[in-house]
Amino acid sequence: MIGEPIILSGIFGYGGYMKNERALVEGRILPTLVVFAVPFLLASILQALYGAVDLIVIGRFVDSASVSATAIGGQVMQTITGIVLGISTGGTVVIGQHVGAERKRDAALAVGNLTALFIVIAIALTIVMLIFTEPIVDIMQTPDEAVEHTARYITICSMGIPFIVGYNGVSGVFRGFGDSRTPLYFVALACAVNIGLDLLLVAVVGMGVAGAAVATVAAQGISFLAAVFYIVKEGLPVEFGRRDIGFSGGQALRILKIGSPIAVQDALVNVSFLIITAIINTMGLVASAAVGIDEKVIVFAMLVPTSFASAVAVMTAQNIGAGKMPRAKKSLWTGVILSFAFGLAVWIYCQFFPETLPSLFSRDAEVVYSAGLYLRNYTIDCMLVAFIFCANSFFSGCGYSLFSLIHSLIATFGFRVPGSYFMSRIAGVTLFEMGFVPPMASCVSIVMCLIYLKVGKGFKEEQQLSEPEL
């Protein structure tokens, strides 16, 4: 049995990768899952802070129209990030499965295929976003006072898409090999640069929304270049060179097969958030700014379940590769329990102090009050997603990410979006009532996931990775 000190030294010690490469498929599940998730959680906190700093600085030094613009623009860019993360997760799972099965050559080919895929994706997404910035601003029902600022924010941030793609690709590779620590360094660097530039360009120079966007792009670029330098200097746990970069060995198809449903799911869920934001934008500038702030708060609240879910994905992938389905299932339920406990704490806090967190983002008393109303019920979702996030990661680690897409689409477009629309049309409705919609949609996903876990044929006890598809 692997002891906790060995696992800790493997993650936080020299080299970043676990000293015992079998740590995720052997030993005690609870400490392994927790310790693997901790660096990811820290990186996620920094990444969320990195995204929230723009809004905090804008809220402190500029007006509510700029807050609305930054919140809307941030949600649009989050949709792009969701697409990239989906493909990156596909790469992480494929690499993790090969590592678990001790197929080092296939793991190297997976890294090369992921690199080639992301080069194409970076070019395509950048072009699309620069062309469609103005239509996106119109579709979002952006308040008139915030239209110009929103377009400027999205345009500048779109120029940094290659850096977003690059960073998430590198992070996906590290985590596939069992290293959740190294990405923490790069996001910490990005966060530090972003905070410094935000204060300089917004608070000192007075560039407003444009300054926040420039700070974001600069931070992303520096972080990505630092990650590339690290890989060139330190290398990977497998023999890897330029010859491996390309579409060969059938690995790109495997990555897309797993990653595409996740990418589509994240993209459509984010699109649904944009639709809901557009619906709420029709309720006025105060509601728009309030919900924009709450989305940032919720990002932080979701970090713990997201981090445990990411650990579940890697542990599932490696254990499936090693032919250990029972251990993969135990990892799932361990992640669910830990995530639920945190979600419960968040919900309880927001029942007693709902305005304390929104007040960090805005000085407008009306905006803060409205944000508190929405947050009280929205945070019910923090408990429910504990199961949904971990289940989706388990399905993806097993290679069945398509189901995650299916249940998310049904819950989102069958319940959440229509529910938000009809709720907003009720006379006298406030953001308090609107906050009930997300939890109701999550309940639909939970029921579907439980049924799939029970009747799904792919989760038999001896399930393992098949030979790579050529």
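Remember, predicted model here, so these are calculated numbers, not experimental data.

## Describing the overall build of the protein chain
- What the protein chain contains, in helices and strands, is 18 helices and zero strands.
- The proportion of buried residues among the 470 residues of the protein chain is 59%.
- When contacts within the protein chain are restricted to residue pairs at least 6 apart in sequence, long-range pairs at least 24 apart make up 84% of them.
- In the structure as shown, the protein chain presents an accessible area of about 18400 Å², 69% of it carried by carbon and sulfur atoms.

## Digging into the nonpolar core
- In this structure, Met129, Phe177, Ile280 and Leu431 are the most contacted members of the largest nonpolar core, which totals 83 residues.
- In terms of residues, this core owes the most to one element, helix H3 (residues 64–100), which gives twelve residues.
- Beyond its immediate sequence surroundings of up to four residues, Ile280 is in contact with Ala287, Ser288, Val291, Tyr374, Leu431 and Met434.
- By size, the runner-up hydrophobic cluster in this structure holds 27 residues, among which are Ile29, Phe395, Cys398 and Phe403.

## Topic: the packing of H3 against helix H7 (residues 161–176)
- Direction vectors running N to C along H3 and H7 enclose 25°, while the axes themselves pass 8 Å from each other. Taken together, the axes of H3 and H7 are roughly parallel relative to one another. The handedness of the crossing between H3 and H7 is right-handed. Residue-level contacts link Met77, Ile80, Thr81, Val84, Leu85, Ser88, Thr92, Ile95, Gly96 and Val99 of H3 to Ile161, Ile164, Val165, Asn168, Gly169, Gly172, Val173, Arg175 and Gly176 of H7.
- Of the residues that constitute the contact of H3 with H7, the class distribution is ten nonpolar, eight polar and one charged.

## Some thoughts on a nonpolar patch on the surface
- Where nonpolar side chains cluster on the molecular surface, the patch consists of Ile119, Ile123, Ile127, Val128, Ile131 and Phe132 and spans about 570 Å² of accessible area.
- Mapped onto the elements of the fold, Ile123 is located in helix H4 (residues 104–131).
- Taking relative accessible area as the criterion, Ile123 reaches 53% and is therefore assigned exposed.

## Observations regarding the packing of aromatic side chains
- Under the counting rule described, the total for this entry stands at 14 aromatic pairs.
- Following the ring pairs from residue to residue traces out a cluster consisting of Phe394, Phe395, Phe403 and Tyr452.

## Concerning the side chain of Thr150
- Relative to the assigned elements, Thr150 resides in helix H6 (residues 147–158).
- When its relative accessible area of 0% is taken as the criterion, Thr150 is described as buried.
- In this structure the side chain of Thr150 is engaged in a polar contact, spanning 2.7 Å, whose partner is the backbone oxygen of Ala146.
- Those residues in contact with Thr150 that sit more than four places away from it in its chain are Ala69, Ile72, Gly73, Val137 and Thr142.

## Some remarks on the packing of H3 against H4
- Relative orientation of the contacting elements H3 and H4 amounts to 170°, with a least axis distance of 9 Å. Looking at the two axes, H3 sits roughly antiparallel to H4. When H3 is examined against H4, the residues Val76, Met77, Ile80, Val84, Ile87, Ser88, Gly91, Val94, Ile95 and His98 are found in contact with a partner set consisting of Asp106, Ala107, Ala110, Val111, Leu114, Phe118, Ile121, Leu125 and Met129.
- Looking at the contact of H3 with H4 residue by residue, the class counts come to 15 nonpolar, three polar and one charged.

## Topic: helix H11 (residues 285–301)
- End to end, H11 covers 24 Å across 17 residues, agreeing with the expected 24 Å (1.5 Å per residue, within 8%).
- Most of H11 sits out of view: 13 of its 17 residues are buried.

## Some words on the environment of Glu26
- With respect to the helices, strands and loops of the structure, Glu26 is situated in the loop between helix H1 (4–12) and helix H2 (29–61).
- Given the relative accessible area of 30%, Glu26 is considered partly exposed.
- Remark: the alpha-carbon pair of Glu26 and Asn319, spanning 293 residues in sequence, is separated by 8.8 Å.

## Points about the environment of Leu55
- Among the secondary structure elements, Leu55 is positioned in helix H2.
- Each C-alpha atom, one on Leu55 and one on Gly74, is 8.9 Å from the other, the two residues being 19 residues apart in sequence.
- Discounting chain neighbours no more than four positions away, the residues touching Leu55 are Val67, Thr70, Ala71, Gly292, Ile293, Lys296 and Phe361.

## What to know about the side chain of Ser424
- By secondary structure assignment, the location of Ser424 is in helix H16 (residues 401–424).
- Within the local environment of Ser424, its side chain forms a polar contact with the backbone oxygen of Tyr421, the two atoms lying 2.6 Å apart.
- Excluding residues within four positions of it along the chain, Ser424 makes contact with Ile279, Met283, Val429 and Met434.

## A short note on the confidence of the model for the protein chain
- Summing up the model confidence of the protein chain, the mean pLDDT is 79 and the portion of residues at 70 or higher is 90%.
- Predicted confidence in the protein chain is weakest over H1, with a mean pLDDT of 28, and strongest over helix H13 (residues 325–352), with 90.
- Low confidence marks residues 1–20, where pLDDT is under 50. Its contacts with residues over four positions away, or in another chain, come to 50 contacts.
- Residue range residues 462–470 is modelled with pLDDT below 50. Its contacts to residues more than four positions away, or to other chains, number 30 contacts.

Cut-offs and rules
- Residues numbered from 1 in each chain as written.
- Predicted model: local features only at pLDDT ≥ 70, side-chain atom pairs only at ≥ 80, totals over all residues.
- Heavy atoms only, no water.
- Helix = DSSP H or I, 4+ residues; strand = E, 2+ residues; numbered from the N terminus.
- Buried < 20%, exposed > 50% of the residue type's maximum accessible area, 1.4 Å probe, protein only.
- Contact = heavy atoms within 4.5 Å.
- Areas by Shrake-Rupley, 256 points an atom, 1.4 Å probe, with all protein chains shown as cover.
- Core = buried A, V, L, I, M, F, W, Y, C linked by side-chain atoms within 4.5 Å.
- Axes fitted to C-alpha atoms, helices over the stretch in contact; angles between N-to-C directions.
- Parallel < 35°, antiparallel > 145°, perpendicular 65-115°, else oblique.
- Left-handed = near helix turned anticlockwise from the far one by under 90°.
- Nonpolar A, V, L, I, M, F, W, Y, C, P; charged D, E, K, R; others polar.
- Patch = residues over 30% accessible without salt bridge, like charges linked within 9 Å, V, L, I, M, F, W, Y side chains within 5 Å.
- Salt bridge = Lys/Arg side-chain N within 4 Å of Asp/Glu carboxyl O.
- Phe/Tyr/Trp six-rings, centres within 6.5 Å; stacked < 30°, edge-to-face > 60°.
- Polar contact = N/O pair within 3.5 Å; in protein donor to acceptor, adjacent residues only side chain to side chain.
- Expected span 1.5 Å × (residues − 1).
- pLDDT = per-residue confidence, 0-100.

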